Amino acid sequence: MALTFTDEAKRKIATLRSRYPDPQAACLPVLHLAQDEFGYISDEAVGLVADAIGVPHSHVWGVVTFYTMYHQHPTGKHTLMVCTNVSCMLRGGYEVLEAIEKKLGCKRGENSADGEFTIVEEECLAACADAPAMISGERYFLRLTPELAMRALEDIKKMPPDHGHQPPSTIAKARKS
Amino acid sequence: MPVELSKMPKIVTRHFGAEEVKKIAEARKQGGYTQLKKAFAMQPQAIVDEVKKSNLRGRGGAGFPTGMKWGFIPKDAKTVYLVINADESEPGTCKDRELIYWDPHLLIEGVIISSYALGCSHAYIYIRGEMIREFAVLQRAVEEAYASGLLGAESPTAKGPFKLDLTVHRGAGAYICGEETSLLNSLEGKRGWPRLKPPFPAVKGLFGQPTIVNNVETICNIPAIIDKGAEWFAGLGTPRSGGTRILCMSGHLNKPGVFELPMGIPLRTVINDICGGVPGGKKVKAVIPGGSSMPPLDASELDIPMEFDALMTDERIKPVEVKPGVKFDMGGGKILRTMAGSGGVIVMDESTDLVAVTWRIMKFYAHESCGQCTPCREGTGWLARITERMARGEGRPGDVELCGTIAHGIAGNTICPLGEAAAWPMLGFLTKFRSEFEAKIKPGLVPEIPAHPITATGIRSPELERRG
Ligand SMILES: Cc1cc2nc3c(=O)[nH]c(=O)nc-3n(C[C@H](O)[C@H](O)[C@H](O)COP(=O)(O)O)c2cc1C
Ligand code: SF4
Ligand code: FES
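Quick caveat, the model's predicted, so the values are computed rather than measured. (Residues numbered from 1 in each chain as written. Chains lettered and ligands numbered in written order. Predicted model: local features only at pLDDT ≥ 70, side-chain atom pairs only at ≥ 80, totals over all residues. Heavy atoms only, no water.)

### A short note on the environment of Lys23(B)
Residue and element names in this part refer to chain B. Structurally, the position occupied by Lys23 is in the segment before helix 1 (24-29). With relative accessibility at 45%, the residue Lys23 sits in the partly exposed group. Residues Lys23 and Ala145 lie 122 residues apart in sequence; the distance between their C-alpha atoms is 9.9 Å. What Lys23 contacts, discounting residues up to four positions off in sequence, is His105 and Glu144. (Helix = DSSP H or I, 4+ residues; strand = E, 2+ residues; numbered from the N terminus. Buried < 20%, exposed > 50% of the residue type's maximum accessible area, 1.4 Å probe, protein only. Contact = heavy atoms within 4.5 Å.)

Take a look at the structure:
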């Protein structure tokens, strides 16, 4: 029972590799792809990525743990990236984050119990002129107040999940015997 | 005299607000890619010379002259890479994301011309991982450019063979990858650890080959330089900085926003005339002029022209001190005032708790330190913890001095400038607002600033409270 890449994913990996003179350079893009496929980067996924680009597993581990966007645990369907850096903090970013935590009953870095959301406290999202800012998937939620953030949560629920999302119970679907 | 935004020259932001220009057909109708013909009729070296003459300076942070940087590529180089830095993550900066979103084809046109000038046949755009929407926009634009034969095909008109591939590479969440050598490591599939310089990337960069790293805004200016000429571009700016400058105006402003403005416009004009002043008629207390790694200006320093040299040398800006009366020496007796940095301007009104702001800045750099150098790894953490307890009004006697000593100990002793990026604002805030820090140790000294970090404008960190 091993995790595998679909044929489609394998084709994509071949394209990614072809864009660099050294296949190791495809490490970040292939990890993004793995996260899209499997929902998060498990130990098994690390091995798959390492083998796909021909580098030691330990190298991929080093990369996964260095960057903040690779999830090492299952996440909610939607990641809420809430900025609290200076420009956002000056205009109520912490109040927005707190309101979201209260509403979802979980803290930053955690998943909501219903599996819908993961809250991430973000550093500057490059939307400072429209602070406070939050990103979920391809969408920006700008000039937020705690009230607007509550409405945003409703909107986000209707969006497609961030990654080919598999809550923990259905991860088996991605496995081939 | 009120400033009329509509009369100001717009080079890189002229398509902001026009959704359709993302599509190549519309972009071409609006003049996109028309400068390729003119550029290809020139010798590559002539383009480099033109960029030198234009006085274009890098918009990524350091303001290094672009043409001069291009000139560092060894003449006999066989493989050259151009890498566009679209990792924008310096707090307060939000222009490159907008440039990519509104006008991806302008960036691609700039990349093609620059690659031709540099002899590069495969360019990379390193885009910040969190910019999921902008990645989609840019990737689509790149695919359109491939489909139209602008990329991936031999150019029929270039002098000599020229064919360019362009790959958009997503980061994965790490501020440090904006630093150019860290970015190159990240692009090579490694952890984003900065490299020791020298060798500089222009000599030994991506995959060991000569490499130019340029910011998005820098490269977006290239087509206009080809179009209207170096003299025109240089003439728009100040004697040593050509063109316009995007300022990202955030914080306590009535009309925050991203504005392309004449190089050297006084800060006070931007705050009052462009951004409609401070809400509630409050006074400005402090302004970060170029991203959170730059020392702040105080209310007496708002008449400074927002231009690279002025922010470093204008004598109206007080020098940053290590401790009262002792100027910070950047090496060779060079004193530090502040810098234009990334164009991220953060305005703070009179009710702002600057100790809490400093804590948030230190927390950021501590979080983003890559951990390779001890002074940066440990020092940024110490500064975050000490400013945190000061922000909570629980500073210990000696904390203010300690912050100065630690910051001074980081600066100049690290592999990359992230160390300075933390040390400079620490020393800058201490130099200009020392009494606020002291008040956190002896609460009551400055009564209008509450010892507990809650202000009228809502600066409050639950983290500070929870542990209190
Ligand atoms: C810690 C650190 C972070 C940086 N982040 C960015 C960034 O996000 N975007 C950028 O263009 N330059 C950034 N820079 C500057 C780059 O190292 C480099 O100087 C710049 O991309 C060169 O382009 P330019 O000459 O066109 O300005 C950063 C530098 C440091 C030290
Ligand atoms: S200064 Fe900090 S971020 Fe830069 S290399 Fe050293 S530890 Fe890493
Ligand atoms: S500080 Fe929040 S987006 Fe920049």
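### Re the nonpolar core
Formed by 95 residues in total, the largest nonpolar core has its most connected members in Phe5(A), Leu31(A), Val60(A), Tyr67(A), Tyr70(A) and Phe429(B). For this core, the element with the highest residue contribution is helix 17 (residues 418-439) of chain B, accounting for eleven residues. Those residues in contact with Val60(A) that lie beyond four places of it in its chain are Cys27(A), Leu31(A), Val46(A), Val49(A), Ala50(A) and Val55(A). Of all hydrophobic cores here, the second largest spans 71 residues; its members include Met81(A), Cys88(A), Ile212(B) and Ala224(B). (Core = buried A, V, L, I, M, F, W, Y, C linked by side-chain atoms within 4.5 Å.)

### Some remarks on the interface of chain A and chain B
How big an interface is tends to be expressed through the accessible area that disappears when the partners come together. Between chain A and chain B, the contact holds 47 residues from the first and 70 residues from the second. At the boundary of chain A with chain B, total buried surface from both sides reaches about 4,600 Å², with 57% on carbon and sulfur atoms. Contact with chain B buries surface across chain A, with Phe66(A), Met89(A) and Leu90(A) losing the most and accounting together for 14% of the total. For the pair chain A and chain B, the interface holds three salt bridges. With a closest N to O distance of 3.9 Å, Glu121(A) and Arg360(B) form a salt bridge. Those elements giving two or more residues to the side of chain A that touches chain B turn out to be helix 2 (27-38), helix 4 (57-66), helix 5 (86-90), helix 6 (93-104) and strand 3 (117-122) of chain A. (Buried area = accessible area lost by both parts, 1.4 Å probe. Salt bridge = Lys/Arg side-chain N within 4 Å of Asp/Glu carboxyl O.)

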